[in-house]
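In case you want the letters, here they are:
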Amino acid sequence: MKILVCISKAPDTTSKISFTDGDTRFNEDKVQFIVNPYDEWYALVRALELKEAQGGSVTIVSVGGNDLDPIMRKALAIGADDGARINLNATDAFQTAAEIAAYAKDKGFDLILTGKETIDYNGSQVAGMIAEILSLPYVSVASKLDVSGSLATIERDITGGTEVLECALPVVISCAKGMAEQRIPNMRGIMAARTKPLQVIEPSGAQALTKVVKYQLPAEKGAVKIIAGDQMDELVNLLHTEAKVI
Amino acid sequence: MSVLVFADSHNGKLAKSTHEIVYYGSQIAAKIGGSLTVVTYGSVENNSLTMLGNFGASKVLVNKSVNTDNDEQLTSLAAEAVKFTGAKVVIFAFDQIGKIVAPRLAARLGAGLVAGATALPEINHDSFTVSKNVFSGKAYATYAIHSDMKIISLLPNSVKPVSSSGSASVEEFSPALATPRVRVKEVKSISSDGIPLPEAEIVVSAGRGLKGPENWGIVEDLAKALGAATACSRPVADIGWRPHHEHVGQTGIAIRPNLYIAAGISGAIQHLAGVNGSKTIVVINTDPEAPFFKAADYGIIGDAFEVLPKLTAAVQKFKASN
Ligand SMILES: Cc1cc2nc3c(=O)[nH]c(=O)nc-3n(C[C@H](O)[C@H](O)[C@H](O)COP(=O)(O)OP(=O)(O)OC[C@H]3O[C@@H](n4cnc5c(N)ncnc54)[C@H](O)[C@@H]3O)c2cc1C
Ligand SMILES: Nc1ncnc2c1ncn2[C@@H]1O[C@H](COP(=O)(O)O)[C@@H](O)[C@H]1O
């Protein structure tokens, strides 16, 4: 089985968020970047488990500049076989998806896995767009994935329950909690990752359709109102008359 | 120029945020001087469809034969409705269906998509911009959409729909649709008579401070008194004290209820990422230094084992007299 896993970077959640260039750019200075958790913990690890059980290969792909190399090396250290970086600082999800689709097009991947969303822009867009461009079926927010022969069985949470789905390969799947358990790369993996092939590919020329023109921090929250533990009637009263939520 | 709203339905009922997206779409239609059409599917009662007129729809197209939430089938339904109406702006809810269909439709039509918008777009003769939350709610970004065709999915709970009198005409809409390649094999429903967490207006949540699963009775009592759903922090779901679908935060689900009550949760940034869109936050914690107090509107420095039952009693008293 040939599996492609889409890997993106994300600022560590504890990072301080600030902007530069007249609030038109995210200030990456002093920001610690990590592998987007959904991509690493769920998509990548499940891909590796499937390969270990059934044979095949796991390729990672990222769209971005060379600042992505450490992120991709980490994914290789966890166990991916090889990687391709499409050398473009993409402006939006469509441009990212179009580049990944152009790369994946004739390579015969059986599964294309992504994370459920990137934790910085929270769009949940890239996977569906890749599926559409490649005319493949798409299952979002999967919490379980099994493959038998050329048939994938997928579970996902829906309002009030879980849905079990079936689909012939190839298929695009976005992965969420439940898929797999996080793996910490070991020393051997880290050493091996240094020599694994990481190809740099020039972009195909897909255009973005949207662009961020301004960033803004939310208004500061007012100070917390402290209420004594035996004044719960007072709290209920405030929730009713002041906050107007009950 | 007209606006199309794609309203998803489930078991014969329109999705919860339908009124919000119809109202939102009607505000855009008014701005650009066009009419608003809604497209939906399934066995939704006619009554619920005509009353979308109250929120600004002039026409509702309904496809009665679609009965699953298949990505390709729904995308072709949306694409056919775009063709039929000539709409230049399409609105979705940023919910499970919207997250599947909007990106596919965007790629099909070459339309710029802003996913998870939180406010109405600013429309000028040469620009179309709309804002959304980024960095897990820690900032807003304003996006410009360059393409001629534009798609917005609206974060639930972002606008308050205002209703007026109006009634929409309902038309059956049965174009040829794509055949689903993903098949639904089975639906397992969770046996819970409670309120689904993503839809709840009030959520009572607890963390490791509750010490063990046997102590959740006081959390459930308060939830019951308030008509609330229950949630939990990640470690609590990981150690199996609570089911996984209750886990909120960066790696669980993100919610935006009107009222979020957190007991025995420290307020780690990854937890806040899933709840900081809540309108009002109440925090109960023994530690006055707990980071959650910085994100709270009301705080009680105290023992959840004492405070929760008192709060439940106060809520019951309030409900009985109102
Ligand atoms: C990449 C990543 C992703 C993560 N994603 C999530 C996520 O999605 N959701 C999430 O929740 N966490 C997430 N976490 C974990 C997060 O960092 C915290 O560890 C977690 O939220 C802590 O859970 P807690 O508040 O229940 O427990 P603790 O941090 O142990 O806090 C317990 C709190 O209870 C208080 N307390 C103790 N006794 C009482 C009492 N009797 N009455 C009242 N208060 C009491 C204590 O003062 C303390 O503040 C993530 C972490 C990482 C690294
Ligand atoms: N620049 C990128 N390079 C590779 N994969 C990406 C990139 N951006 C997003 N993805 C993938 O698409 C998923 C969803 O991203 P998003 O649509 O931005 O929420 C992520 O979890 C990744 O798997």
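For the structure itself, consult the block above.
Every chain is numbered independently, its residues counted from 1 as its sequence is written. Chains carry letters from A onward and ligands carry numbers from 1 onward, assigned in written order. Local features in this predicted model are restricted to residues of pLDDT 70 or higher, and side-chain atom pairs are both shown and tallied only at a pLDDT of 80 or more, whereas totals for entire chains, interfaces and linings draw on every residue. Think of the side-chain values as coming from all heavy atoms in the structure, minus any hydrogens and water.

Student: So what exactly am I meant to see when it comes to the overall build of chain B here?
Tutor: Looking only at helices and strands, one finds eight helices and 18 strands in chain B. For the radius of gyration, the atom set is restricted to C-alpha positions; the globular benchmark scales as 2.2 Å times the number of residues to the power 0.38. Its C-alpha atoms give chain B a radius of gyration of 21 Å, within 12% of the compact-globule value 20 Å for 322 residues. Note on charges: Lys and Arg go in the positive column, Asp and Glu in the negative column, and His and the chain ends are not counted at all. The atoms used to mark charge sites are NZ of Lys, CZ of Arg, CG of Asp and CD of Glu. With 29 positive and 27 negative side-chain charges, chain B shows a spacing of 3 Å between the two charge centroids. Numbering of helices and strands runs from the N terminus; a helix is a DSSP stretch of H or I covering at least four residues, while a strand is a stretch of E covering at least two.

Student: What is the right way to look at empty space enclosed by the protein in this model?
Tutor: Any space left empty among the atoms is revealed by the rolling of a water-sized probe across them. We place a 1 Å grid over just the protein atoms. Points where a 1.4 Å probe fits but has no way out form a cavity, open points with protein on both sides within 12 Å along at least 5 of 7 lines form a pocket, and any residue with an atom within 4 Å of a point lines it. Grid points are joined across faces, edges and corners, and a volume is the space filled by probe spheres set on the points. Taken as a whole, this structure holds one cavity of 30 Å³ or more when the rule is applied. Taken as a whole, the largest cavity encloses approximately 50 Å³ of empty space. Along the walls of the largest cavity sit A:P11, A:D12, A:T13, A:I17, A:I119, A:D120, B:F135, B:S136 and B:K138, which together make up its complete lining. Under the grouping applied here, Gly and all other residues not named as nonpolar or charged are polar, the nonpolar ones being Ala, Val, Leu, Ile, Met, Phe, Trp, Tyr, Cys and Pro and the charged ones Asp, Glu, Lys and Arg. Residue composition of the lining of the largest cavity, grouped by class: four nonpolar, two polar and three charged.

Student: I would appreciate a short explanation of the interface of chain A and chain B in the present structure.
Tutor: By convention, interface size is frequently given as the accessible area that disappears when the constituent parts associate. On the side of chain B, 81 residues touch chain A, which itself brings 78 residues to the contact. Interface of chain A and chain B: buried area, both sides summed, is about 6800 Å²; carbon and sulfur atoms make up 59% of it. Any carboxyl oxygen of Asp or Glu within 4 Å of a side-chain nitrogen of Lys or Arg constitutes a salt bridge here. Scanning the region where chain A abuts chain B turns up eight salt bridges. For A:E132, the salt bridge goes to B:R108, with nearest N and O atoms at 2.7 Å. Contributions of two or more residues to the side of chain A that touches chain B are made by α1 (37-54), α4 (126-133), β9 (138-148), β10 (151-158), β11 (161-168), β14 (210-216), β15 (225-226) and α6 (232-241) of chain A. Note: β15(A) against strand β18 (residues 298-301) of chain B, two bridges, orientation parallel. Looking across to β18(B), one finds that A:I226 is bridged to B:G299. Residue contacts are defined here by distance: any two heavy atoms, one from each residue, within 4.5 Å place the two residues in contact. Summed over both partners, the accessible area (1.4 Å probe) lost when two parts come together is defined as the buried area. The pairing criterion for strands is at least two bridges between them, as found by DSSP.

Student: Where do I start with helix α1 (residues 18-32) of chain B in this structure?
Tutor: Side chains of residues three or four places apart in an α-helix project in the same direction, reflecting 3.6 residues per turn. Residues and elements named next belong to chain B. How far a helix is expected to stretch is found by multiplying one less than its residue total by 1.5 Å. Over its 15 residues, α1 runs 21 Å from end to end, which matches the ideal 21 Å to within 8%, given 1.5 Å per residue. Residue burial is assigned from relative accessible area. The probe radius is 1.4 Å, only protein chains are included, and a residue is buried under 20% of its type maximum, exposed over 50%, and partly exposed in between. The buried fraction of α1 amounts to eleven of the 15 residues, a majority that puts the element mostly inside the structure. Buried within α1 we find T18, E20, I21, V22, Y23, Y24, G25, S26, I28, A29 and I32.

Student: How should I be thinking about the pairing of β9(A) in this particular structure?
Tutor: Residues and elements named next belong to chain A. Where β9 lies against strand β12 (residues 171-175), three bridges are found, and the strand directions are parallel. Within the sheet, the bridge partner assigned to A142 lies in β12 and is C175. Two elements, β9 and β10, share six bridges in a ladder whose sense is antiparallel. Directly across from S148, in β10, lies its bridge partner L151. The turn joining β9 and β10, which pair antiparallel and follow one another in sequence, is formed by two residues; a positive phi near 60 degrees is taken by G149.

Student: Quick question: what am I supposed to make of the site of ligand 1 here?
Tutor: One heavy atom within 4 Å of a molecule or strand is enough for the residue carrying it to be called near that molecule or strand. Close to ligand 1 lie 27 residues; B:R208, B:S233, B:S266, B:H271 and B:N285 are nearest. Residues close to ligand 1 are split across chains A and B. Within the side chain of B:S233, a nitrogen or oxygen atom sits 2.6 Å from an oxygen atom of ligand 1. Between B:Q270 and ligand 1, the recorded distance is 2.8 Å, taken from a side-chain N or O atom to an oxygen atom. When the free accessible area of ligand 1 is taken as 990 Å², the share hidden by the protein chains comes to 79%. Pairing of N or O atoms within 3.5 Å defines a polar contact, subject to two protein rules: one partner must be a possible hydrogen donor and the other a possible acceptor, and residues neighboring in sequence count only if both atoms are side-chain atoms. We get accessible surface area from the Shrake-Rupley algorithm with a probe of 1.4 Å; when it comes to residues, only the shown protein chains can shield them.

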